[in-house]
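Residues per chain, in single letters:
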Amino acid sequence: MDSIADRTQQLLAETARLARASGRAADAVTLVGVSKTQTAERIREAVAAGLRHVGENYVQEALPKLAALADLPVTWHFVGRLQANKTAVIAASFDWVHAIDRLRIAQRLNDQRPEGKGPLDCCIEVNLSGEETKGGATPAELPALAAAIAGMPRLRLRGLMVLPAATPDPLAQREPFARLRRLLEELRIAHPQLDTLSMGMSADIEAAIAEGATLVRIGTALFGGRPPREAPQESLPREPREPQHGAPI
Ligand SMILES: *Cc1c(COP(=O)(O)O)cnc(C)c1O
């Protein structure tokens, strides 16, 4: 079996190859290694092999790892669902937040981002399925939410993120990614600084990059499978929303 170092190098090369295949520069797509349930030591192996962006989903789990790896040249991404009672720690500890989906969360992150740090890079998560149990702002909510965040001095709105339902069909995989790309193009009329499409995971990286992803969030293909967090879920480890996110507030 390949080591984490091998898989990191393979994924960095694959990301560059897919970026070129989509007509872009080899460095147009950033690989974020999503390391939930993985140890600090395993993250360290990936960073030694060239990974520079690491994503975590759960604040409690992430903080000891961030502390243990503080010596590394890593940009830290919070890719999990955001709860109001966790925003202060996130604003103080992370460089990016991917899943802002409501104004109150954005306001808290803006208020709580420490003065000594630059603005917090952030994306708005978009709910394209219409399922109310899923996180994300609706497409209709986007213009107002984007305008509000763009006006917050301690946040830097970078773009949009999506976590579509898993499907094995490569053409069906492209559909939500194409929709997210069009939504970003519409937002860029009012906000030309937006430059980020956070989309694509282990099973749909190719479809996401073909549709313009600038940032892919890869867990399983890099670190290997994850143990279930609670009772086994039928679709783990592909389940995009794992249990213990807590309800949105
Ligand atoms: C776990 C997770 C990923 C990585 O998923 P894999 O299928 O393991 O690559 C990406 N994004 C988010 C938000 C996640 O929670």
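In this text, all values refer to a predicted model and were calculated from it rather than measured experimentally. (Residues numbered from 1 in each chain as written. Predicted model: local features only at pLDDT ≥ 70, side-chain atom pairs only at ≥ 80, totals over all residues. Heavy atoms only, no water.)

Caption draft 1: Summary view of the overall build of the protein chain. Each helix and strand in the protein chain was counted, giving nine helices and eight strands. What you see for the protein chain is a C-alpha radius of gyration of 17 Å, in line with the 18 Å of a compact globule of 249 residues. Across its three principal directions, the C-alpha atoms of the protein chain cover 50 × 40 × 40 Å. Here the protein chain holds 249 residues, and the buried ones make up 51% of them. Between the centroid of the 30 positive side chains of the protein chain and the centroid of its 30 negative side chains there is a distance of 3 Å. (Helix = DSSP H or I, 4+ residues; strand = E, 2+ residues; numbered from the N terminus. Rg over C-alpha atoms; globule rule 2.2 N^0.38 Å. Buried < 20%, exposed > 50% of the residue type's maximum accessible area, 1.4 Å probe, protein only. Lys, Arg positive; Asp, Glu negative; His and termini not counted. Charge placed at Lys NZ, Arg CZ, Asp CG, Glu CD.)

Caption draft 2: Spotlight on the site of the ligand. Around the ligand sit 14 residues, and of these K36, N57, S202, G219 and T220 come closest. S202 is positioned such that a nitrogen or oxygen atom in its side chain is 2.5 Å from an oxygen atom of the ligand. Within the side chain of R226, a nitrogen or oxygen atom sits 2.9 Å from an oxygen atom of the ligand. The fraction of the free accessible surface of the ligand (390 Å²) that becomes covered by protein chains is 99%. Taken together, the residues of the shell around the ligand sort by class into six nonpolar, four polar and four charged. (Near = heavy atom within 4 Å. Polar contact = N/O pair within 3.5 Å; in protein donor to acceptor, adjacent residues only side chain to side chain. Areas by Shrake-Rupley, 256 points an atom, 1.4 Å probe, with all protein chains shown as cover. Nonpolar A, V, L, I, M, F, W, Y, C, P; charged D, E, K, R; others polar.)

Caption draft 3: Fine view of the environment of G33. If you trace the backbone, G33 turns up in strand 1 (residues 30-34). In this structure G33 comes out as buried when scored by relative accessible area, which is 0%. For the pair formed by G33 and T75, sequence separation is 42 residues and the distance between their alpha carbons is 11 Å. For G33, the contacting residues outside a window of four places in its chain are L51, H53, V54, G55, I218, L222 and F223. (Contact = heavy atoms within 4.5 Å.)

Caption draft 4: How the structure looks around the pattern of salt bridges. Counting across every chain of the model gives 13 salt bridges. A salt bridge links D121 to R156; its shortest N-O distance comes to 2.8 Å. Here R156 lies in strand 6 (residues 155-161) and D121 lies in strand 5 (residues 120-125), a separation of 35 residues in the sequence. For the salt bridge of E211 with R181, the shortest nitrogen-to-oxygen distance reads 2.6 Å. Placement of the pair is E211 in the loop between helix 8 (205-210) and strand 8 (215-218) and R181 in helix 7 (residues 170-190), with a sequence separation of 30 residues. Taking the relative accessible area as the measure of exposure, E211 reaches 9% and is therefore buried. Assessed through its relative accessible area of 26%, R181 is described here as partly exposed. Connected through salt bridges with shared partners, the residues D121, R156, R158 and D195 form a single ionic network. (Salt bridge = Lys/Arg side-chain N within 4 Å of Asp/Glu carboxyl O.)

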